Amino acid sequence: MPLTRVPLEPDALVRARTSIGDFELTVCSDGTYLLDGGAMFGVVPKTLWQKRIPADAENRIVLGLNTAVVRTGKHTVVIETGIGNKQTPKMQQIFQNQALLPASLAAAGIDPAEVDLVVNTHLHFDHCGWNTTLHADGSVTPTFPNARYFAHAGEVAHGHLQLERDAVSYNSPNYDPLIASGQMTLLDDAAIHASVEICPGISVELFPGHTAHMMGVHIEPARAVESRPGAGDTPHACYIGDLLPTAHHLDVTWVMGYDLDPLRCIEERKRFYSRAIPEQWMVLFPHDHDTPLARIGRNDKGKPVVAD
Ligand SMILES: [Zn+2]
């Protein structure tokens, strides 16, 4: 069965827009891309996962590339930057990616020059591609010229190792020029434990498993104010990175073939649900084109499911 991948119309370039307390949250998109369905669902049999998401004759499924943009009133924060425009023709042929993030930001009325902060949950090529832009003359410049970028030092070190298992996932022009220029701040575990805040209301937390140093990004307007009258209403969103790539991956054991430590992913999912479900967090999925964000609940068997 061929996959239906119509080009995104301008009004489909913005995947969601909502408010989280006083913050404006917009989900932009670098478009869709194709990955092997088996790799996305690890040891889960195809007979099960294909009930949730269809595959084509080459076993590929359509995935999204979601960028969250948060306007806090004081800062504009971008979380993840898609695949970008540095793919070789061969890689573009394989992934069929569309490089739509600049058009998506424009459709949402977000000027790259207004962005103050960029956070990458990890540095796989499909999460930080538009950190920088490749030009016709071969030069690479920051896509967000006035932003301070944040990534985990462990991700940079791992990418530089170029290991057999995942060398292809790391493309250093997405981060090395920003590190060289001083525009990217590298966090380590000690720095994160000491101060998790990127700016008031935006903080990071380690969720290892997919990679050893992957971070989730918390969006909590109540943390941006000294004291909030009528406490109890504390809206909270979380961009969870590849711990939950899509809304089809909510079952704790439906981890990916790409995950470096799948057992850790299972434990981290349980830890995440223990807060995200009772506190009704709005969860942002990096690679779900159709359901970029949702609250999570439990069905009558206790399994995590999309609640709304
Ligand atoms: Zn990844």
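Summary of the structure given here.

Thresholds, definitions, all that
- Residues numbered from 1 in each chain as written.
- Predicted model: local features only at pLDDT ≥ 70, side-chain atom pairs only at ≥ 80, totals over all residues.
- Heavy atoms only, no water.
- Helix = DSSP H or I, 4+ residues; strand = E, 2+ residues; numbered from the N terminus.
- Rg over C-alpha atoms; globule rule 2.2 N^0.38 Å.
- Contact = heavy atoms within 4.5 Å.
- Pairing = 2+ DSSP bridges.
- Axes fitted to C-alpha atoms, helices over the stretch in contact; angles between N-to-C directions.
- Donors = N, O, S within 2.8 Å, 3.2 Å for Na, K, Ca; no water.
- Tetrahedral: all angles 85-135°; square planar, octahedral: opposite > 155°, others 65-115°.
- Buried < 20%, exposed > 50% of the residue type's maximum accessible area, 1.4 Å probe, protein only.
- Salt bridge = Lys/Arg side-chain N within 4 Å of Asp/Glu carboxyl O.
- Core = buried A, V, L, I, M, F, W, Y, C linked by side-chain atoms within 4.5 Å.

**Focus on the overall build of the protein**
Within the protein one finds eight helices and 16 strands. Over its C-alpha atoms the protein spans a radius of gyration of 18 Å, differing by no more than 12% from the 19 Å that the globule rule assigns to 308 residues. Taking the principal axes of the C-alpha coordinates as reference, the protein spans close to 55 × 55 × 40 Å. Contacts in the protein between residues far apart in sequence, at least 24 positions, make up 68% of those at least 6 positions apart.

**Points about the sheet that holds strand β8 (residues 148-152)**
Taken together, seven strands build an open sheet; the order of strands is β1-β2-β3-β4-β5-β8-β9 and the sheet is mixed. Every other strand in the sheet has two partners, leaving β1 (14-20) and β9 (184-187) as the edge strands with one partner each. Averaged over all pairs of adjacent strands, the angle between strand axes in this sheet comes to 25 degrees, irrespective of strand direction. Where β1 and strand β2 (residues 23-36) come together, six bridges link them in antiparallel fashion.

**Brief notes about the coordination of the zinc ion**
Every protein donor of the zinc ion is accounted for by His122 (NE2), His124 (ND1), His210 (NE2) and Asp242 (OD), and the metal-donor separations fall at 2.2 to 2.4 Å. The coordination sphere of the zinc ion comprises four donor atoms, whose angles at the metal cover 84 to 174 degrees; the geometry is irregular. Counting residues between consecutive donors of the zinc ion along the chain gives the motif H-x1-H-x85-H-x31-D. You can see His122 sitting in the loop between β5 (117-119) and β6 (132-134) and its partner His210 sitting in the loop between β11 (202-206) and β12 (215-219), a full 88 residues away along the chain. Using a relative accessible area of 1% as the deciding quantity, one classes His122 as buried. For His210, a relative accessible area of 2% puts it in the buried group.

**Structural notes on the pattern of salt bridges**
Counted by the stated rule, this structure contains 12 salt bridges. Close ionic contact of Glu205 with Arg271 constitutes a salt bridge, the shortest N to O distance being 2.7 Å. Residue Glu205 is found in strand β11, and its partner Arg271 is found in helix α8 (residues 262-276); the two are separated by 66 residues along the sequence. Glu220 is the partner of Arg223 in a salt bridge, and the nearest nitrogen-oxygen pair spans 3.6 Å.

**Notes on unusual backbone geometry**
Positioned with a positive phi, Gln162 is a non-glycine residue whose angle comes to about 50 degrees. Looking at the secondary structure, you find Gln162 in the loop between α5 (153-161) and α6 (176-181). For Gln162, a relative accessible area of 44% translates into the label partly exposed. Phi is positive for Gln280, close to 55 degrees, though the residue is something other than glycine. Tracing the chain through its elements places Gln280 in the loop between α8 and β14 (282-284). Look at Gln280 and you get exposed, because its relative accessible area is 54%.

**Structural notes on the nonpolar core**
Formed by 27 residues in total, the largest nonpolar core has its most connected members in Ile202 and Ile219. Leave out the neighbours within four places in its chain, and Ile202 touches Phe23, Val70, Thr72, Val77, Val196, Glu197, Val217, His218 and Ile219.

**Thoughts on the environment of Ala108**
Relative to the helices and strands, Ala108 is located in the loop between α4 (101-107) and β5. Taking the C-alpha atoms as reference points, Ala108 and Pro221, separated by 113 residues in sequence, lie 21 Å from one another.

**A short note on the sheet that holds β14**
With respect to topology, seven strands assemble into an open sheet ordered β10-β11-β12-β13-β14-β15-β16, the strand pairing being mixed. Strands with a single pairing partner mark the edges of an open sheet, and in this sheet they are β10 (197-199) and β16 (304-306). The mean inter-strand angle of the sheet, taken between neighbouring strand axes irrespective of direction, is 35 degrees. As defined by bridge partners, strand β13 (residues 237-239) adjoins β14 across three bridges and the pair is classed as parallel. Bridge pairing links Tyr239 to Leu284 in β14.

**Structural notes on the environment of Val69**
Relative to the elements of secondary structure, Val69 occurs in strand β3 (residues 60-71). The buried category is assigned to Val69, whose relative accessible area is 1%. As for Val69 and Leu105, which are separated by 36 residues in sequence, their C-alpha atoms are 8.9 Å apart. Sequence-distant contacts of Val69, that is, excluding residues within four places in its chain, are made with Glu24, Leu25, Thr26, Cys28, Thr76, Val77, Val78, Leu105 and Ile110.

**A word on the pairing of β3**
In terms of residue burial, β3 counts as a mostly covered element, since nine of its 12 residues are buried. Bridge analysis of β2 against β3 gives 11 bridges, and the strand direction is antiparallel. From the neighbouring strand, Thr26 faces β3, where its bridge partner is Val69. Note: β3 against strand β4 (residues 76-79), four bridges, orientation antiparallel. When the bridges of β4 are listed, Val70 appears paired with Val77. Joining the antiparallel neighbours β3 and β4 is a turn of four residues, in which Gly73 adopts a positive phi near 105 degrees.

On their own, these measurements won't tell you what the molecule is for.
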